[in-house]
Each structure stands twice: as structure tokens, then as C-alpha cells.
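# Chains, contacts and geometry: an overview
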Amino acid sequence: MEPLFKNKTTLSKKNYIELVKFHQKKNNWKYFLYTAFYAILFVFCIAIQIASKYYLPAIILFLCFVGFLAYRFIEPYYKTKKEFQSEKVQKNLVNYYLFYEKYFKIKNKMGSFKLRYHKIYKAYENENFFYLYVNKDYAFILEKSGFVIGDENLFKKFIKNKLGFKFKEN
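Residue indices begin from 1 for each chain and proceed along its sequence in written order. The model is predicted, so local features are restricted to residues of pLDDT at least 70 and side-chain atom pairs to those at 80 or more, both for listing and for counting; the totals for chains, interfaces and linings are taken over all residues. Based on all heavy atoms of the structure, the side-chain values leave hydrogens and waters out of the count.

Attention now goes to the overall build of the protein chain. Segments assigned H or I by DSSP are reported as helices when at least four residues long, segments assigned E as strands when at least two residues long, and all are numbered from the N terminus. Across its full length, the protein chain carries four helices and nine strands. When the helices and strands of the protein chain are read in sequence order from the N terminus, they spell out β-α-α-α-β-β-β-β-β-β-β-α-β. Within the span of the protein chain, comprising 170 residues, buried residues form 33% of the whole. Here, two residues are considered to be in contact whenever any of their heavy atoms come within 4.5 Å of each other. Counting only contacts in the protein chain whose residues sit at least 6 apart along the sequence, the fraction spanning at least 24 positions is 60%. Once the 31 positive and 13 negative side-chain charges of the protein chain are each reduced to a mean point, those two points are 7 Å apart. Type-normalised accessible area, obtained with a 1.4 Å probe on protein chains alone, sets the label of each residue: buried when under 20%, exposed when over 50%, and partly exposed for intermediate values. Residues scored as charged are limited to Lys and Arg (positive) and Asp and Glu (negative), so that His and the chain ends carry no count. Throughout, a charge is located at the NZ atom of Lys, the CZ atom of Arg, the CG atom of Asp or the CD atom of Glu.

The structure is reproduced here in C-alpha cells:
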């Protein structure tokens, strides 16, 4: 079976940095609101414990609050740093994306796998790339200039039709 679209994209450092910037731009306000909501909740609970003269629960809540803040601010940094230092980014892994009617395949030197379109969490388009998210944190990067079969305009119509409201364009 011949693919409807084929894309060759190199996962370079530059492409990964652009994905991180795009991801942060799309999700920072949600992340901030979530963090702010729970920070206010923690502070409120600590204040109630102190006002009630229950100092041990206040200390425990404070330590949990510090742990929560550390996790919210440090974990994304280390996750991004680890991914950036991975072999696939450092050695410019080349991915081939083959799009068929009911699924698409990703092939690279590590192997290949197939993914049905309904498994895509969200898809975005910007000036240079299509990002196909498989969950809220991880995405496949497709360079618009990397189409070997088809082109970016036909692909955009195709993926928009497959994903419906999950596809967002700039």
C-alpha cells in the first residue's frame, strides 16, 4: 500500500528548541493557573492551621507546599534537559512519517511503529512545523519542508479532516 503522504524530518537541536518554545507558549498560562490555584490553597490551609494553633499540621503542609513548588518548577526543566541530551536529539535522528488512510507510521534507525489517528491527543501547525501530540507532553515534529510525497497544504487538509477539533492552526 502506497502512503498518501511521506515526510522526512530531522530531530535537530534547533527543531527541538523550537518545539519546546512552542509548547511553552501554548501551555504556560494553564500551567501557571494550576500552580497558582494550588499555591493559594496551600497558603490558605497553612494559615488556618496556624490560626487554630495546630503547628505540626502547618509545618507538614508547608513542607508539602515547598515540595509542590519544587516539583512544578524543577521537573519540567529536568525533563526538557534530559530529552535535549538524549541520543535522538544530539545525533539528529531522522524520522520518516508515512501517512495512510487509517493510520500513520513512524520509521527511524531504532525501528518503526504504527499509530491510529484517533490516538493523537492534539495537533498544531505553526510557520515551519506540524506538531502531532500523543499526550500533553510529547509530540512528533514534522517539518513542512520535509514532504517527499504530497505537500504541506494537502497534508494540512488531510490531517484537519482526520482530527477535526483536535487540530489547531496559527
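After that view, the rundown keeps rolling.
Let's shift gears to the sheet that holds strand β7 (residues 139–143). With mixed pairing, four strands are arranged side by side in an open sheet as β7-β6-β5-β9. Strands at the two margins of the open sheet, each flanked by one partner only, are β7 and β9 (167–169). Strand-to-strand, the axes of this sheet are offset by a mean angle of 15 degrees, without reference to chain direction. One ladder, built from five bridges, connects strand β6 (residues 129–133) with β7; its direction is antiparallel. Residue Y133 lies in a different strand from β7, and its bridge partner there is A139. Structural elements are reduced to axes, namely lines fitted to C-alpha atoms, with helices fitted over the stretch in contact, and the angle between N-to-C directions of any two is expressed from 0 to 180 degrees. Relative to the sheet, helix α1 (residues 13–51) contacts β5 (122–125), β6 and β7, its axis offset from that of β6 by approximately 65 degrees. Paired strands, as defined in this entry, are two strands with at least two bridges between them according to DSSP.

For salt bridges, the criterion is a side-chain nitrogen of Lys or Arg within 4 Å of an Asp or Glu carboxyl oxygen. For the coordinates displayed, the defined rule picks out eight salt bridges. A salt bridge links E125 to K144; the shortest N-O distance between them is 2.6 Å. In this pair, E125 sits in strand β5 while K144 sits in the loop between β7 and β8 (147–149), placing the two residues 19 residues apart along the sequence. Taken together, the salt bridges that share partners define one network made up of E125, K144, E152, K156, K160 and E169.

This paragraph deals with the sheet that holds strand β1 (residues 5–11). Taking strand neighbours across the sheet as the criterion, the five strands line up as β4-β3-β2-β1-β8 in an open arrangement whose pairing is antiparallel. Looking at the sheet topology across the chains shown, the edges are occupied by β4 (111–116) and β8. Here the strands of the sheet are splayed against their neighbours by 20 degrees on average, with no regard to which way each runs. Sitting on the sheet, helix α4 (residues 152–163) touches β1, β2 (93–99) and β8, and the angle it makes with β1 is about 105 degrees.

Turning to unusual backbone geometry, a few remarks are in order. Positive phi is not limited to glycine here, since K53 has a value of about 65 degrees. Overall, the relative accessible area of 60% leaves K53 in the exposed class.

Side-chain rings of Phe, Tyr and Trp, where Trp is taken by its six-membered ring, are said to pair if the distance between their centres is within 6.5 Å; with planes under 30 degrees apart they count as stacked, over 60 as edge-to-face, and otherwise as tilted. A complete count under the given rule lists 25 aromatic pairs for this structure. Considering the side-chain rings of Y124 and Y133, the 5.7 Å spacing of their centres and the 85 degrees angle between planes classify their relative orientation as edge-to-face. Pair check on accessibility: Y124 and Y133 agree, each one buried. Measuring from centroid to centroid gives 5.1 Å for F147 and F155, while their planes differ by 45 degrees, and the two rings are tilted. Residue F147 is classed as buried on the basis of its relative accessible area of 12%.

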